[in-house]
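# Analysis of the macromolecular model
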Amino acid sequence: MVDFQRLRIFNPFVAAAFVVAVLLCSGVGVPGNRNPFVSLCDINEATSLSGIIHSNPARTSSKNYYSLDLDLLSVSSNFFSRGNNLGASGRVRILVPSEFVESNYPGKLYSRHSSPVLYEAGEKICADGSWFSDAGCFVCSSVCSPGGSNSLSFSISHFRALCRLSFKRLMFGWGKAGGFVLALLSGSREYCDDNLQENFRNAGLSHILALSGMHLSFFSSVFGFGSRRLFGKKYSFWARLLAMVFFVWFAGLSPSLFRALVCSLVVLVCSAVYCVDTDYLSVLSFVFLFHLCLIPQDAQSPAFVLSYGALAGILVFSDFVSCRIFSRFLPPMVSSSVSASVSAQAATSFYCARLFGKIMPIGCISSVVVSPMINVLMLVSFVAVIFSLVFPFLSGPFGCILNMIYFFIEKVVGLFALVPPLSIGN
C-alpha cells in the first residue's frame, strides 16, 4: 500500500490534473467564454430578450433581485423597427426583481405584474429592460411567458418547475425548519433564516448549505439501503443511480454537485464491475479534467475551486494526519472525521483567505459535530415528506419534530459562530 501511495503522482490523470490546476491558479489557463453573445444587435442597445432559463434563481445579496442565466433565442432594440426581433445566441446573466419571482411563492404578498411565470431552468421567458455594462447583466423591468413547446424536454423541465414550487409550499408550512430543509434539499434559500446562514458562514460550515457530495451521498445511501432491504442486493446499484440522478435533476447542476455526481457515478460503476482497488485521487483527477472539458466556465466559480480543493486535501492528507496526530488520542471514527475536516480546511485555507479575507479554523471541529446532526435532520425530513404527501394530516406532527431538531442545530451552530475567525490583512 505504501508503494502504491508513492506511485500515485505518476498516474497520468493525477499528473495532468496537477499541471492543469497549477495553470489555472497562475491565470495562464483561464478558459474563455464558451457561450458568448452573438447577434446583429449590440447587447448594450438591447431593450428586450427572449430565451430559455438555464439556472435556478439565486437571490442577490441586496435581496432586491434574483439572478438567472438565460440562453438567448432573440433580442430586440429601439434601433430597429418596433416588433422586429433579431436572432441571438449565447448565455447572459439577467436580474429579475424579487417581487416578480416571489409572486408564485407561498407567504409572499406581491401582486402579479404580468402573466404567471415560473422562474426555473427550462422555462421560456421574454424580458424587457436594459443592459448595464458595469454589472455585466440585463436588468429586467417586466417579464412574461410566451408559452412553451410540446417537446418532451420542455414538458420534463416544466414538470420539474411545478415540483419545486409544490415542494416550497410544503416546506413553508414547517416554518423555520422547513426553510432550512428547503435549502438543504433544493438549494433554494428564500425561506432560510438570514441569521442562521450568517452563523453557518462564521462557524466554517458554508459547505453544508451548498449542495455537494454530502447531500448526494445521503440520498444514494438511503435509497441503496432501502433497496437492499426490500428487493435484495442486486437492485442496490440501480436504486442508488436513480436516486443520484433524480436529486441532481431536482436540485440543479451546480459545480460542486456536478463534481459529486460524476465522482459517485465512476465509483458506483467501479464497484458494480468488482474493481479490487479504486484509487479515489485518480477518480477525482479524471473528473476534474472531464469537468473542465465539458463546462470550462465553472473553473472561475469559487464553488468549483473549494469543492475540488477540499476533496483533494482529504484524499492526499487525511490518512497521514490521522495516523501521525489524531489517532494517538482519539477513537478511530472521531480521528477519521477530524482528520478529514482538518485536511479539507488546510487545502482550501489560502483560497478562502484570498477570497473572503479570513479563515474559520473552528470549522475543523464544527463540521465533525454538526454534519451528523444535519444527516439526522435530512433523514427525518425525507421520511416526513413521503408520509406528509401520502397522509397530509401528519404534516403538522412532523413539522413539530423537525423544528425541535432545527432548534438544537441552530443553537449548536450559534455557539461555534461565536469563535472569532482569523482575519487576513490585505
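Structure shown above.
Predicted model, so just to flag it, every value in this text is computed and none were measured. (Residues numbered from 1 in each chain as written. Predicted model: local features only at pLDDT ≥ 70, side-chain atom pairs only at ≥ 80, totals over all residues. Heavy atoms only, no water.)

### Re helix α2 (residues 12-26)
The criterion, for reference: Secondary structure elements are taken from DSSP: a helix is a run of H or I of four residues or more, a strand is a run of E of two residues or more, and numbering for both begins at the N terminus. How far a helix is expected to stretch is found by multiplying one less than its residue total by 1.5 Å.
If you check α2, its first and last C-alpha atoms are 21 Å apart, about what 15 residues at 1.5 Å a residue would give, namely 21 Å. Taken from the residues just after α2, G27 is the one with a positive phi, measuring 85°.

### Describing the pairing of strand β5 (residues 86-89)
As a reminder, the rule being used: Each residue's exposure class comes from its accessible area (1.4 Å probe, protein chains only) as a fraction of the maximum for that residue type: buried when under 20%, exposed when over 50%, partly exposed otherwise. For two strands to be treated as a pair, DSSP must find no fewer than two bridges joining them.
Along β5, the buried face is formed by L86 and A88; none of G87 and S89, which line the opposite face, is buried. Where strand β1 (residues 38-39) lies against β5, 2 bridges are found, and the strand directions are antiparallel. The residue of β5 that forms the bridge with V38 is S89. The pairing of strand β4 (residues 65-77) with β5 spans 2 bridges and is antiparallel. When the sheet's bridge partners are listed, S74 is paired in β5 with G87.

### A short note on the packing of helix α8 (residues 213-231) against helix α9 (residues 236-251)
We count it as follows: Angular values range over 0 to 180 degrees, each being the angle between N-to-C directions of two axes fitted as lines to C-alpha atoms, with helices fitted over their stretch in contact. Handedness of a helix crossing follows the sense of rotation of the near helix relative to the far helix, less than a right angle counterclockwise being left-handed and clockwise being right-handed. When checking whether two residues touch, look at their non-hydrogen atoms; a contact exists if any pair is within 4.5 Å. Residues are grouped as follows: Ala, Val, Leu, Ile, Met, Phe, Trp, Tyr, Cys and Pro are nonpolar; Asp, Glu, Lys and Arg are charged; all remaining types, including Gly, are polar.
In contact at an axis separation of 8 Å, α8 and α9 are set at 145° when each is read in the N-to-C sense. Relative to α9, α8 is oriented so that their crossing is right-handed. In contact with H215, L216, F219, S220, F223, G224, S227 and R228 of α8, α9 contributes S236, A239, R240, A243, M244, F247 and V248. By residue class, the composition of the contact of α8 with α9 is 8 nonpolar, 5 polar and 2 charged.

### Here we look at the environment of A344
Tracing the backbone through its elements, the reader meets A344 in helix α13 (residues 332-356). The spatial distance from the C-alpha of A344 to the C-alpha of L257 is 17 Å, given a sequence separation of 87 residues. Once residues lying within four places of it in the same chain are set aside, the contact partners of A344 are A310 and I314.

### With respect to the packing of aromatic side chains
Each aromatic ring pair is specified by the distance between its two centres and by the angle formed by the two planes. Inclusion rule: Between rings of Phe, Tyr and Trp, where Trp is taken as its six-membered ring, a pair exists when centres lie within 6.5 Å; planes separated by under 30 degrees are stacked, by over 60 edge-to-face, and by other angles tilted. Here, a charge over a ring is recorded when the distance from Lys NZ or Arg CZ to the ring centre is within 6 Å and its angle to the ring normal is within 35 degrees.
Within this structure, the stated rule accounts for 20 aromatic pairs. Each ring, one from F288 and one from F304, has its centre 5.8 Å from the other, and the planes form 35°; the classification is tilted. Of the two residues, F288 sits in helix α11 (residues 280-294) while F304 sits in helix α12 (residues 302-324), which places them 16 residues apart along the sequence. With a relative accessible area of 3%, F304 lands in the buried category. Relative to Y308, the ring of F304 lies with its centre 4.7 Å away and its plane at 50°, an arrangement referred to as tilted. Of this pair, F304 and Y308 both sit in helix α12, 4 residues apart, which is roughly one turn of the helix. Its relative accessible area of 6% is what places Y308 among the buried residues. The structure contains a cluster of three or more aromatic residues connected by ring pairs, namely F159, F167, F246, W249 and F250. Looking at R164, its charged tip hangs above the ring of F250, at a distance of 5.8 Å from the centre.

### With respect to unusual backbone geometry
For K63, which is not a glycine, the phi torsion comes out positive at approximately 70°. Structurally, K63 is set in the loop between β3 (58-59) and β4.

### So, α13
Each α-helix turn comprises 3.6 residues. Residues three or four places apart therefore point the same way. Spelled out, the test is: A residue's bend is the angle separating two fitted axes: one through the seven residues that end there, the other through the seven that start there.
With 25 residues, α13 should cover 36 Å at 1.5 Å per step; its first-to-last C-alpha distance of 33 Å lies within 8% of that length. Along α13, the sharpest kink reaches roughly 50°, centred on S349. Turning to α13, its buried residues number three or more, namely S335, V338, S339, A340, S341, S343, A344, Q345, T348, Y351, C352 and A353. Residues of α13 that are buried in the fold lie against α12, β9 (358-359) and α14 (363-390). Positive backbone phi, at 80°, marks G357, one or two positions downstream of α13.

### A few points about the pairing of strand β6 (residues 91-97)
Within β6, 5 of the 7 residues are buried, which leaves it mostly tucked inside the rest of the structure. Examined bridge by bridge, β4 and β6 share 7 bridges and lie antiparallel to one another. Bridge pairing links L70 to V92 in β6. Both β6 and strand β8 (residues 137-144) contribute to a ladder of 2 bridges, which runs parallel. Counted as the bridge partner of I94 is F138 from β8.

### Remarks on the pattern of salt bridges
Which entries qualify depends on this criterion: Throughout this description, the term salt bridge denotes a Lys or Arg side-chain nitrogen within 4 Å of a carboxyl oxygen of Asp or Glu.
Evaluated as defined, the whole model comprises 8 salt bridges. Measuring nitrogen to oxygen at the nearest pair gives 3.9 Å for the salt bridge that ties D194 to R59. Highlighted residues: D194 in helix α6 (residues 194-202) and R59 in strand β3, separated in sequence by 135 residues. Residues D194 and K63 are paired through a salt bridge, measuring 2.2 Å at the closest nitrogen-oxygen approach. On the criterion of sequence distance, the pair formed by D194 in helix α6 and K63 in the loop between β3 and β4 is long-range, its members being 131 residues apart. On the basis of relative accessible area, D194 is assigned to the partly exposed category, the value being 34%. Note on K63: relative accessible area 38%, which makes it partly exposed. Via salt bridges that share partners, E120, R160, R164 and K168 belong to a single interconnected network.

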